[in-house]
Amino acid sequence: MIDQELVRLDARRGQLLARRAQLVSLLARSAPPPWPSPPLAPPGRGPSSAPRSATAEMPPRSAQNVLLALGGVLLTVAAIAFTLVSWGQLSVGGRAAVLTVVTVAALAVPALLLRRGLASTAEAVAAFGLALMVLDAYALHEVALPRTDALPYTAGAGAVLAALWAGYGAALGRLRLPLPVAVVTAQLPLFLGSLAVEASALTTGWALLVTAALDTALALRLKPGTVRAVAVVAACVTSGAALLTGGSLSVAAGTPLAAAGPGGLLLAAAALGLFAAWRVNMNRMAPACALVAGLATVAAAGGEVRTAVPDGWAVLGYLLCGVALLTVVRTRLPRAVVRGLAGAAGAVTAASVLWTLPALAVVPLGALSRVTTIWTGAPGGAWAAVGIDLPWPRQPTAPLVLLIAAAAAASAYRLPPGAGVGPGRRWRVPALPGAVALGWAAVLVAPSALDLGYPTAVAVPLVLTAALLAVVVRPRARVGTALTVTALVCALAGSVSVSLLSLATRTATVTALVALCALFTGAAIAGQTVRAPGAAAGAQTASRPSPAVRALLACVAVGYATALVAAACPAMGLPAERTALALLVVPGAVALLGARLRRHPVAPAIELTSAGAAVLAVVLASDRGPVLALVLALSGVIAAGTAVRTERRRVAGYAATALFVLATWVRLASSDVSAPEAYTLPVTLPALAVGLLRRRRDPEASSWTAYGPGLAATLLPSLLAAWGDPDWPRPLLLGLAALALTLAGARLRLQAPLVLGGAVLALDALHELAPYVAQMVGLLPRWLPPALAGSLLLAVGATYEQRLRDARRLRGTLGRMR
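Residues numbered from 1 in each chain as written. Predicted model: local features only at pLDDT ≥ 70, side-chain atom pairs only at ≥ 80, totals over all residues. Heavy atoms only, no water.

Let's shift gears to the overall build of the chain. Helix and strand content of the chain: 32 helices and zero strands. The buried share of the chain, reckoned over its 818 residues, is 37%. For the chain, contacts bridging at least 24 residues in sequence account for 68% of all contacts bridging at least 6. Accessible area for the chain stands at about 45400 Å²; split by element, carbon and sulfur atoms hold 70% of it. (Helix = DSSP H or I, 4+ residues; strand = E, 2+ residues; numbered from the N terminus. Buried < 20%, exposed > 50% of the residue type's maximum accessible area, 1.4 Å probe, protein only. Contact = heavy atoms within 4.5 Å. Areas by Shrake-Rupley, 256 points an atom, 1.4 Å probe, with all protein chains shown as cover.)

Next comes the structure, spelled out in structure tokens:
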């Protein structure tokens, strides 16, 4: 056994040694060049006196770069100081000799340094030499050509320096600085030259575009690296400046001839962008270049159209030019080019849709303006129906713009997956819902944008809502939720808008609400029975609206039914209290419908919505006590009828009890009854008898269910009467009754009598003792109440744990009661 273990350990040791040798060889190959070791310490000095190169605070290469950069900066500063300060102390020959010798030396030294492998030092000296060449150009202008204008000289000097630096960088290929600097400097000659000759803005734009073309050609010829990156950035900057120049001139042009020049510049820029996109087809820059080219083409063509059409039609012209770009989708152009041009068409379409937002804002603003001017008469037209002063004029082309955008979205949905405008089917999912939303917006804004008649402004949204609800109840399976949600949101928004807009006249209001109630009711019913085309009778399909959608449709139908009743009664001249009674028809009808639906998912939603009609009825009847009591009693009847159903018994039963009690109180208060016990005791005694029978049949029944309603029916009105009674018999009798209930509840362990009796007893005692307490407090010194309060707090704090345990024990005792 020991021999086997030793063999195993020896084999493992051999494996670890081989792995160590492999890792050491890898580290040796990847390690940086060795830094020269420090000299040995002379005899007599300890090893601690040797320099600690191995623990230097900065890596050797970083320290070298910092030193070289600082040296180059100092030399450049010295050269600038010499040129600006000491230049005038030398003769012309001396100046020429100094400039020639120093510049030639600074440019020649990097070649020697590169041969010795000192690349970083060569870069620093070369940078110094490039700076000297700039100073030489400045000095030459100041001494030899002082009368030459600055701009022409700078343009020429930039061209010469760019050529010299490019040649110098090509000769010394290992230097990284001269070629990028040459590319950056080459951006100046044409631009500064156009400014020097005071050329027009169009000519300056052409100069920038030519510079961008040269940069593009250079970037396409070079291999990936620093110089190519600099050329790409320079091309983007100069071409962007040229596009901005051409675009601003195109927008400012007043005639087709004036727009032709900027249009030519924009088209040339578009051609350059398409050429670049075609050459770098597999690069990430290709779609961006094609996108810019598409936008430039639209700007050029749209600028010509803008000058030839009336005011207000320019956006439509730009949109048509943008949509025309979609024709390239079905061509055999490279995929990246197609994606970029399609993106340009989408960007133009989105901008055009944003332009129509003021026209869209007219619809909700006009609807809201009707809230303060209900039934004041039909306005002269849809634009007059807005009823407010808007800071923008009408946009008659807004519906056409939206329709074209909707058609573009629909055509995008119909494109085959391999059209090249996006990966797979991802763009098709939002295309059809977007087309529906844009088409809805186009039809919705048409009456106000075209200033059609008021009946048309009311009828068009109703028809549009009906069409959208048809889409909601019969969605296409391959689009599904996105289309359903879009159509539903548009239908709801349009229905709210038309319901508010119809408030101008009684007839329009009632007609619109009847139509909306019928539409949403029909949609809710159709959502329950919809079948796919060709499906067997009674078959269920996956395309049926979801339960949430059906519940929302039913709730909206109930809401519009409530609004219809609330509007129809005043339209017929009925007062508010009769309108309140009529509103109870809605929760009554919903209660009957709920009895049929039972546990259907739609039933709870519509029952809660119909409760809003009952609340509105209470608000309308609040001015007249007898009517309010009747409304509360009828609401209690509806709740009691709902409580017959097993699944609603608990909630509806409590609600019915509360409503009946409230109705009783309100009726007594409105009749100025001074002795409510004469009316409440006949209700309390039978209620307690019924509760007693309930407890005998079901000992587990809660005392709140059995005795709570009967006790509350008498105790609470009597408490309110006692608080307003200046005599002592009523409070005394009420206190004795409450004390008896409290003791009975404690003895029989019943929660409802104990809590109700104790609360009424405490409030009754507080009412009777309040005058004496106030009188006593007035006689006490001012410092005594705070002192007593502080002492009480100290006592409670000192026995906090005990009080907390007592409170928990009390809560547990109450919780164990029935």
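To continue, consider a nonpolar patch on the surface. A contiguous nonpolar patch, built from Trp728, Leu732, Leu733 and Leu736 and spanning about 480 Å² of accessible area, is present on the exposed surface. Structurally, leucine 732 can be placed in helix α29 (residues 729–748). Judged by relative accessible area, which is 43%, leucine 732 ranks as partly exposed. (Patch = residues over 30% accessible without salt bridge, like charges linked within 9 Å, V, L, I, M, F, W, Y side chains within 5 Å. Salt bridge = Lys/Arg side-chain N within 4 Å of Asp/Glu carboxyl O.)

Spanning 20 residues, α29 covers 28 Å between terminal C-alpha atoms, matching the ideal 28 Å at 1.5 Å per step. Of the residues making up α29, those classed as buried are Arg730, Pro731, Leu734, Gly735, Ala738, Thr742 and Gly745. One side of α29 holds all its buried residues, which, seen down the axis, span an arc of 125°. When the buried face of α29 is taken as reference, the exposed residues oriented beyond 90 degrees from it are Leu733, Leu743, Arg747 and Leu748. Just past α29, the residue arginine 749 takes up positive phi, approximately 55°. (Expected span 1.5 Å × (residues − 1). Arc of directions from axis to C-beta.)

At a closest axis distance of 8 Å, the pairing of helix α24 (residues 625–643) and helix α25 (residues 649–670) adopts a crossing angle of 160°. With respect to their mutual orientation, α24 and α25 come out roughly antiparallel. The way α24 lies across α25 gives a crossing that is left-handed. Looking at the contact of α24 with α25 residue by residue, the class counts come to 17 nonpolar, six polar and two charged. (Axes fitted to C-alpha atoms, helices over the stretch in contact; angles between N-to-C directions. Parallel < 35°, antiparallel > 145°, perpendicular 65-115°, else oblique. Left-handed = near helix turned anticlockwise from the far one by under 90°. Nonpolar A, V, L, I, M, F, W, Y, C, P; charged D, E, K, R; others polar.)

Glancing now at unusual backbone geometry. In this structure, glutamate 198 is a non-glycine residue whose phi angle is positive, near 55°. By secondary structure assignment, the location of glutamate 198 is in the loop between α7 (188–196) and α8 (201–221). Here the phi dihedral of arginine 749 falls at roughly 55°; this positive angle occurs in a residue that is not glycine. Summarising the element assignment, arginine 749 is placed in the loop between α29 and α30 (751–779). On the basis of relative accessibility, which here comes to 41%, the residue arginine 749 falls in the partly exposed class.

So, on to the pattern of salt bridges. Scanning the entire structure with this criterion turns up six salt bridges. Its salt-bridge partner being arginine 624, residue glutamate 577 comes within 3.3 Å of it at the nearest N-O pair. In this pair, glutamate 577 sits in helix α21 (residues 576–583) while arginine 624 sits in the loop between α23 (602–620) and α24, placing the two residues 47 residues apart along the sequence. By relative accessible area, which is 46% here, arginine 624 ends up partly exposed. Ionic pairing is found between arginine 645 and glutamate 647, a salt bridge with its closest N-O pair at 3.0 Å. Residue classification places arginine 645 among the buried residues on the basis of a relative accessible area of 5%. Here the residues in one salt-bridge network are Glu607, Arg645, Glu647 and Arg648, joined through shared partners.

For the chain, per-residue confidence averages 81 on the pLDDT scale, and 83% of positions sit at 70 or higher. Below pLDDT 50 for its whole length, residues 32–61 participates in eight contacts with residues either more than four positions away or in separate chains. Confidence drops under a pLDDT of 50 for residues 530–542, and excluding neighbours within four residues, the segment shows 13 contacts in the predicted structure. (pLDDT = per-residue confidence, 0-100.)

Let us now look at the environment of alanine 551. Positionally, alanine 551 belongs in helix α20 (residues 547–571). In the structure, alanine 551 is positioned 52 residues away from alanine 603 in sequence and 8.0 Å away in space, judged by C-alpha atoms. Beyond its immediate chain neighbours, meaning those up to four positions away, alanine 551 contacts Val602 and Ala605.

Moving on: the environment of alanine 508. Inspection of the secondary structure assignment puts alanine 508 in helix α19 (residues 506–529). Residue classification places alanine 508 among the buried positions, given a relative accessible area of 14%. As a C-alpha pair, alanine 508 and tryptophan 375 span 133 residues in sequence and 9.2 Å in three-dimensional space. For alanine 508, the residues in contact, after removing those within four places along its chain, are Tyr454 and Ser502.

Leu402, Trp440, Leu468, Phe520, Leu553 and Tyr560 are the most contacted members of the largest nonpolar core, which has 49 residues in total. Secondary structure elements with two or more residues in this core: α15 (398–414), α16 (428–450), α17 (454–473), α18 (481–501), α19, α20, α22 (585–597) and α23. With ten residues, the single largest contributor to this core is α20. Ignoring sequence-local partners within four residues, the contact set of leucine 468 consists of Val436, Trp440, Ala487, Cys490 and Ala491. Residues Ala614, Ala621, Leu628 and Ala639 belong to the second largest nonpolar core, which totals 16 residues. (Core = buried A, V, L, I, M, F, W, Y, C linked by side-chain atoms within 4.5 Å.)

As a further point, take the side chain of serine 610. Within the secondary structure layout, serine 610 lies in helix α23. On the basis of relative accessible area, serine 610 is assigned to the buried category, the value being 5%. Once residues lying within four places of it in the same chain are set aside, the contact partners of serine 610 are Val558, Val586, Pro587 and Val590.

This part takes up helix α10 (residues 256–279). Over its 24 residues, α10 runs 33 Å from end to end, which matches the ideal 34 Å to within 8%, given 1.5 Å per residue. Largest kink in α10: about 30°, centred on proline 262. Ala259, Pro262, Gly263, Leu265, Leu266, Ala269, Ala270, Leu272, Gly273, Ala276 and Ala277 are the residues of α10 that are buried. (Bend = angle between axes of the 7 residues up to and from the residue.)

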